[in-house]
Amino acid sequence: MYQLDVYGTLVAATLVLLLGRKLVKTVPFLEKYTIPEPVAGGLLVAIVLLGFKSGMDLEVKFDDSLKDPLMLAFFATIGLNANLASLRAGGKTLFIFVIAVVGLLIVQNTVGISLAKMMGLDPLIGLLAGSITLSGGHGTGAAWGKIFSDSYGFTAATEIAIACATFGLVLGGLVARFLIKKTAMSDVKLQDDEAPTAFEKPQAGRMITSMVLLETIALIAICLLAGTYLSGKLSAFFTSMEWKFQIPTFVCVLFIGVILSNSLSLMGFYRVFERAVSVLGNVSLSLFLAMALMSLKLWEIASLAVPMLVILAAQTIVMALYAVFVTYRVMGKNYDAAVLAAGHCGFGMGATPTAIANMQAVTDRFGPSHVAFLVVPMVGAFFLDLINALVIPFFLALPVFPVAGG
C-alpha cells in the first residue's frame, strides 16, 4: 500500500481537477451531459487505481482529513445563499414547483427502497439510488455515503453513491432530450421583450476582493462551528430520548447558514455576497469531490452493478412519467410548464447545471421562458438541498432501516 499525506493528497486532488477540465473540454460526451470536472477526472483516476489493484495488488491510500471540512464548507455556502426573501419573487409558480419537487423526492425514495427490498438488497442501497444521489447529486451522495459507512457499517456506500449520481447525470439529460423531441411545440419563436435572467445569459457581478473573501470565509467558519455544536447537542438529545431520527452534521451546518444569512439581511446589518459564497462553495465542492472520487474502491461494488442498474433504469422511467404527468400538468400544461419539466428532469436525476442545459436546449429552439429560468435555478441550487435534508432522515427513521451505530 502507498500512503499519501495531507499535502500529497491536496496536490493529487488539484491535479485531478485539472485532468477533469481537460477531459470535459476534449471529450464531447462529457461536455454534452455536463459531467462535472472533478467527476470526470476522479473517476478516471479511480479506474486507473482499480487496474493497479487488480493487476499488481497495489493500493494507494489518500489522507482524508480535509474531506469533512471541505464538505461542510460546501453545505454552509448552500445555506448562506438560500435567500428566503426570494421566495416572494417566484410567487405561486415557485410554491407549486416546490410541491412537485417534494413529491418526486418521496417517489424516488419509495421506488428505490422497494426495489432494493424486492431484490434482497440492503435498503440503504435503495435510498442511495433515490433522492440522495438522483436529486441531491454527487455532493449530497458523498456526504450521506460517509454517514452510511460510519454509522451503519455500509462500507461501499460512497462508491455506490458516486456511481448512482454519475449515472443520474447522464440519464437525466437523456430523459429531458427524449421529452423535448416528443413535445408538440411548433418551431415558431415566441416574442419576448423582457431582459434575460442571469442564468439565461450570465453577466458579471461585483468584483470579489480580498476583504469580501475574508468576510465570506468568516461566515462559513461560523456555520461550521455553530453547526457542529448543534449537531452534537441534537445527537445527544436523540440518544437520550432513544429516538431513531438523526440529523447529520452537514444538515445542521446548512441550516445555520440559512439562519445566519437571512437574519443578517433582515436586520440590515450585512448582506451576503452571493457570488463570493458561490465561488468558495464551488472550490470546496470540487476539492471534496476530487478527493472522494479518486479514493473510490471500485472493486467493492462490482457485485452490485446489475441490481443498481435495475434500480436506476426504473428511476429513469419514473422520472420521465413524473415530468410528463405531474410536473408538466401541475405547472399549467403550457410552454413554461414544458420548460420547467425539462429543468426538473435535469436536477431530478442530475444537477442544476444539467437542468439549465436542458432548459436552454428548449428555449434556444422555441423561445425564452423567464419564469422557468427564475424558478428552476432557485429551487435546484438552493431549496432542493434544504428539502432533501429534511426528507432523507424521515425515511431513515422507517422500521426497514437499522439503527445508526447499531
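Numbering of residues begins from 1 in every chain and follows the order in which that chain's sequence is written. Confidence filtering applies because this is a predicted model: local features only for residues at pLDDT of at least 70, side-chain atom pairs given and counted only at 80 or more, and all residues used for totals across whole chains, interfaces and linings. To get the side-chain values, all heavy atoms of the structure are used, and hydrogens and water are removed first.

The protein chain appears in an unreviewed UniProt entry as Sodium/glutamate symporter from Morganella morganii. UniProt, in its Function (unreviewed entry) section for the protein chain, records the words "Catalyzes the sodium-dependent transport of glutamate." UniProt positions are given in the numbering used here, feature names are shortened, and annotations may be inferred rather than shown by experiment. Under the UniProt heading Subcellular location (unreviewed entry), the note attached to the protein chain is "Cell inner membrane".

A. Spatial organisation of the packing of aromatic side chains. Only the six-membered ring of Trp is used, alongside the rings of Phe and Tyr, when aromatic pairs are assigned; centres must lie within 6.5 Å, and planes under 30 degrees apart are stacked while those over 60 apart are edge-to-face, with the rest tilted. Counting across every chain of the model gives 6 aromatic pairs. For the ring pair Phe97 and Phe347, a centre distance of 6.0 Å and an interplane angle of 85 degrees mean the geometry is edge-to-face. Of the two residues, Phe97 is situated in helix α5 (residues 87-118) and Phe347 in helix α13 (residues 335-348); the sequence distance between them amounts to 250 residues. Of the two residues examined, Phe97 and Phe347, each falls in the buried class. Ring geometry for Phe148 versus Tyr152: centroids 5.6 Å apart, planes at 85 degrees, classification edge-to-face. With a gap of 4 residues between them, Phe148 and Tyr152 both fall in helix α7 (residues 137-152), about one helical turn apart. In this scheme, a residue with accessible area under 20% of its type's maximum is buried, one over 50% is exposed, and one in between is partly exposed, where area comes from a 1.4 Å probe on protein chains only. For Phe148, a relative accessible area of 0% translates into the label buried. A network of ring pairs unites the aromatic residues Phe74, Phe75, Trp144, Phe148, Tyr152 and Phe250 as a single cluster. Helix and strand assignments come from DSSP, with helices taken as H or I runs of at least 4 residues and strands as E runs of at least 2, each series counted from the N terminus.

B. Examining the nonpolar core more closely. We call a set of buried residues a nonpolar core when its members are Ala, Val, Leu, Ile, Met, Phe, Trp, Tyr or Cys and they connect through side-chain atoms within 4.5 Å of each other. Residues Phe97, Leu127, Phe148, Phe154, Ile160, Phe250 and Leu396 are the most contacted members of the largest nonpolar core, which totals 124 residues. The element that contributes the greatest number of residues to this core is helix α15 (residues 370-396), accounting for 15 residues.

C. Structural context of unusual backbone geometry. Residue Asp57 is not a glycine yet carries a positive backbone phi of 55 degrees. Residue placement: Asp57 occurs in the loop between α3 (37-56) and β2 (60-61). Classification of Asp57 by relative accessible area gives exposed; the value is 59%. For Lys333, which is not glycine, the phi dihedral falls at a positive 55 degrees. For Lys333, the position within the fold is in the loop between α12 (305-330) and α13. Take Lys333: its relative accessible area is 49%, and that puts it in the partly exposed class.

D. Fine view of empty space enclosed by the protein. Within this scheme a cavity is a closed region of a 1 Å grid, computed over the protein atoms alone, that accommodates a 1.4 Å probe without allowing it to escape, whereas a pocket is open but has protein on both sides within 12 Å along at least five of seven lines; lining residues each have an atom within 4 Å of a point. Grid points are joined across faces, edges and corners, and a volume is the space filled by probe spheres set on the points. As enumerated under the stated definition, the model contains 2 cavities of 30 Å³ or more in all. There is about 100 Å³ of room inside the largest cavity. In terms of residue count, helix α10 (residues 249-267) provides more of the lining of the largest cavity than any other element does, 3 residues in total. Of the residues in the lining of the largest cavity, the class split is 3 nonpolar, 5 polar and 2 charged. What the second largest cavity holds in volume is close to 40 Å³. As for the second largest cavity, its lining consists of Thr140, Trp144, Phe250, Asp385, Asn388, Ala389 and Ile392. Sorting the residues of the lining of the second largest cavity by element identifies α7 and α15 as the ones contributing at least two each. For the lining of the second largest cavity, the element with the highest residue contribution is α15, accounting for 4 residues. A per-class count over the lining of the second largest cavity returns 4 nonpolar, 2 polar and 1 charged. Side-chain classes are defined by residue name, with Ala, Val, Leu, Ile, Met, Phe, Trp, Tyr, Cys and Pro counting as nonpolar, Asp, Glu, Lys and Arg as charged, and the others, Gly among them, as polar.

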